Amino acid sequence: MDKNNIFCNLINCKCESGFINIKKVLMNSKEVEKDDLFVAIRGGNKFAGEALEKGAYVIYDDENLQIEEKFKKKAFHVKDSVEFLQKFAEKWRKSLNLKVIGITGSNGKTTVKDMIYHLLSVKYKGKKTEGNYNNHIGLPFTLLRAEKDDDFIILEMGMSDFGEIDLLGKISSPDISVITNIGESHLEFLKTKKNVFKAKTEIVPHTRETLVINGDDEYLKDIDESNLKKKGLKTIKILNMGNNENDKENIGATAGQNNNFYYGDIDFNEIEASFSLKYFDENCKKWIQKSYNTNVLGEHNILNLTTAISVAKQMALEDNDIEKAIKDIVLTNMRFQIITKGKTTYINDAYNASPMSMKKSLETFSKIYNDREKIAVIGDMLELGEQEAELHASIFDVIVNTNLNKLYLYGPRMRFLYDRIKENSDNENIKNIETEYFESKELIKEKLEQIKSEKVILIKASRGMKLEDVIG
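We now turn to the structure provided with this report.

Some points on the pairing of strand β11 (residues 261–268)
Here strand β10 (residues 234–240) runs beside β11; their pairing, made up of 3 bridges, is parallel. Within the sheet, the bridge partner assigned to N240 lies in β11 and is Y263. Summarising the sheet, β11 and strand β12 (residues 273–281) pair through 6 bridges and their orientation is antiparallel. Bridging from a neighbouring strand, Y263 pairs with L277 of β12. Between β11 and the antiparallel strand that follows it, β12, lie 4 residues.

A few points about helix α3 (residues 81–95)
Taking 1.5 Å as the rise per residue, α3 with 15 residues should run 21 Å; its terminal C-alpha atoms sit 21 Å apart, in good agreement. Counting buried positions along α3 yields 11 of 15 residues, so the element is predominantly enclosed. Listed as buried for α3 are S81, V82, F84, L85, Q86, F88, A89, E90, W92, R93 and S95. Capping of α3 at its N-terminal end is provided by D80; its side-chain oxygen lies 2.9 Å from the backbone amide nitrogen of V82.

Here's the deal with the packing of aromatic side chains
Tallying each qualifying case throughout the model produces 12 aromatic pairs. Ring centres of F280 and W287 lie 5.8 Å apart, and the angle between their planes is 70°; on these two criteria the pair is classed as edge-to-face. W287 sits in the buried class, given a relative accessible area of 15%. Ring plane angle 65° and centroid distance 5.1 Å describe the contact between Y408 and F438, whose orientation is recorded as edge-to-face.

Observations concerning empty space enclosed by the protein
The tally for this structure, following the rule as stated, stands at 1 cavity of 30 Å³ or more. Of the voids in this model, the largest cavity is the one considered here, and its volume is about 30 Å³. Surrounding the largest cavity, T180, N214, L303, N304 and T307 form its lining. By residue number, the principal contributor to the lining of the largest cavity is helix α11 (residues 299–314), which donates 3 residues. Class assignment for the residues of the lining of the largest cavity results in 1 nonpolar, 4 polar and no charged.

Quick notes on the sheet that holds strand β4 (residues 75–77)
With parallel pairing, the 4 strands of this open sheet are ordered in space as β1-β2-β3-β4. Two strands close off the open sheet at either side, each with one partner strand: β1 (25–26) and β4. Of the strand pairs in this sheet, strand β3 (residues 57–60) and β4 are connected by 3 bridges, and their pairing is parallel. The partner of I59 across the bridge, within β4, is F76.

Brief notes about the side chain of S173
The residue S173 is located in the loop between α6 (164–172) and β8 (176–179) in this model. On the basis of relative accessible area, S173 is assigned to the buried category, the value being 15%. If sequence neighbours within four positions are ignored, S173 has contacts with R93, V100, H206 and R208.

Focus on the packing of α3 against α6
Where α3 meets α6, the closest approach of the two axes is 7 Å, and the angle between their N-to-C directions is 45°. The angle between α3 and α6 places the two elements in the oblique class. Contacts between α3 and α6 involve Q86, A89, E90 and R93 from the former and L167, K170, I171 and S172 from the latter. Within the contact of α3 with α6, the residues separate by chemical class into 3 nonpolar, 2 polar and 3 charged.

Regarding the packing of helix α4 (residues 109–120) against α11
Following both chains from N to C, one finds α4 and α11 inclined at 45°, their axes separated by 9 Å at the closest point. Here α4 is positioned oblique relative to α11, judged by the angle of their axes. As α4 runs across α11, the sense of the crossing is right-handed. Counting all contacts with α4, which are made through T111, V112, M115, I116, L119 and L120, the residues of α11 involved are N301, N304, L305, T307, A308, I309, V311 and A312. Across the contact of α4 with α11, the residue classes tally to 10 nonpolar, 4 polar and no charged.

Details of the pattern of salt bridges
This structure, assessed with the given rule, holds 38 salt bridges. Put simply, E225 and K237 hold a salt bridge, and the shortest N to O gap is 3.1 Å. Of the two residues, E225 sits in helix α9 (residues 225–230) while K237 sits in strand β10, which places them 12 residues apart along the sequence. With a relative accessible area of 11%, K237 lands in the buried category.

Procedures and definitions
- Residues numbered from 1 in each chain as written.
- Predicted model: local features only at pLDDT ≥ 70, side-chain atom pairs only at ≥ 80, totals over all residues.
- Heavy atoms only, no water.
- Pairing = 2+ DSSP bridges.
- Helix = DSSP H or I, 4+ residues; strand = E, 2+ residues; numbered from the N terminus.
- Expected span 1.5 Å × (residues − 1).
- Buried < 20%, exposed > 50% of the residue type's maximum accessible area, 1.4 Å probe, protein only.
- Polar contact = N/O pair within 3.5 Å; in protein donor to acceptor, adjacent residues only side chain to side chain.
- Phe/Tyr/Trp six-rings, centres within 6.5 Å; stacked < 30°, edge-to-face > 60°.
- 1 Å grid on protein atoms, 1.4 Å probe; cavity = no way out; pocket = protein on both sides within 12 Å on 5 of 7 lines; lining within 4 Å.
- Points joined across faces, edges and corners; volume = space filled by probe spheres on them.
- Nonpolar A, V, L, I, M, F, W, Y, C, P; charged D, E, K, R; others polar.
- Contact = heavy atoms within 4.5 Å.
- Axes fitted to C-alpha atoms, helices over the stretch in contact; angles between N-to-C directions.
- Parallel < 35°, antiparallel > 145°, perpendicular 65-115°, else oblique.
- Left-handed = near helix turned anticlockwise from the far one by under 90°.
- Salt bridge = Lys/Arg side-chain N within 4 Å of Asp/Glu carboxyl O.

Rendered as structure tokens:
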């Protein structure tokens, strides 16, 4: 069934043959062109007239909206525009012959999405979630961008409470689902990591073929694989080779049942990283161990990349293609993005932050650029709920072992870390780090501009802090 048929069925439209001919589905009236479908979401109802003037079809749910007589054949009232959008996307997904890859988790969703897209694009045509279109409105819009000749679509799935991943999974029915990890994100609403685990794993019942998980995660590692196998699901665990020496040698009679991917031997500098990978190849019935070089840095990103490779292998991507592609991974901006301005190098990792990602970013930063002055500018991590004081203060445990010259803190919650640092000012490592707390980003920017030496600056905070504003 094509998009026009699905649309007509949903609105119970007895249209003349060929009358409906939808091009794109949009929710921004400024982007609308002739024969696009504009779905008016909430306040978007007031822009229905603008979209109709441009020759678009319009879905609206405001009963009081007055539609000019000349546009009535292209304007369709529904009870709820969001529900219509979700049903439209769900039915469109069922009509598509492509692989749907769903990604959720507390950290790394966007990075893993970008990596999978980069790898699969070597051989296949597909789409991915753009920007923050990862919720109950954004995901349906992304899914409706899929075309009949696409081979794949990668859908990032965000959430803040129970039931949200369940809804996204129902709409998209992923062939392959990825859960990156279970962290402290969303504690504001879910209160405990156990609840985060329950919410993230709502994707599992909707998964058709394969579940990929971080096998070293304290919650995901104990997921019931035997129960999933009974339901016809293949489970792939991504494991650190050094932590799983016994398991990776399991190549006897059960080798074919070991679907896991093992990464290790990680080494990196400010330019590139190297690592090794081991997995059982079902086609040649033997263990494959390979070494790779990539442009992404940090142990956490090697975990992310191994996750992406495991997905690519499920779609029959050849090792040679993978080896070439990972040398030049393209990530969304503000994910450990290197920006050089004169004598200053910025590492813009300010898209988002949680305690887990903050620690990983600082650990990676500690190991690179040790030939110049190193400054970490870090800001508040949001949505941590009742544990925000404790979790901000806990960053001290990483700072104390980090190779830094200066640490600049911003945001009311970073006061908790600042206070803990001051309480431990007699620590020898802390003494060597010049630590300051700032009330404004403008003051941080001015302070950085006063430092004339060759320097590298890490910037990390939650999205709401917009800490990239300190970049000169």
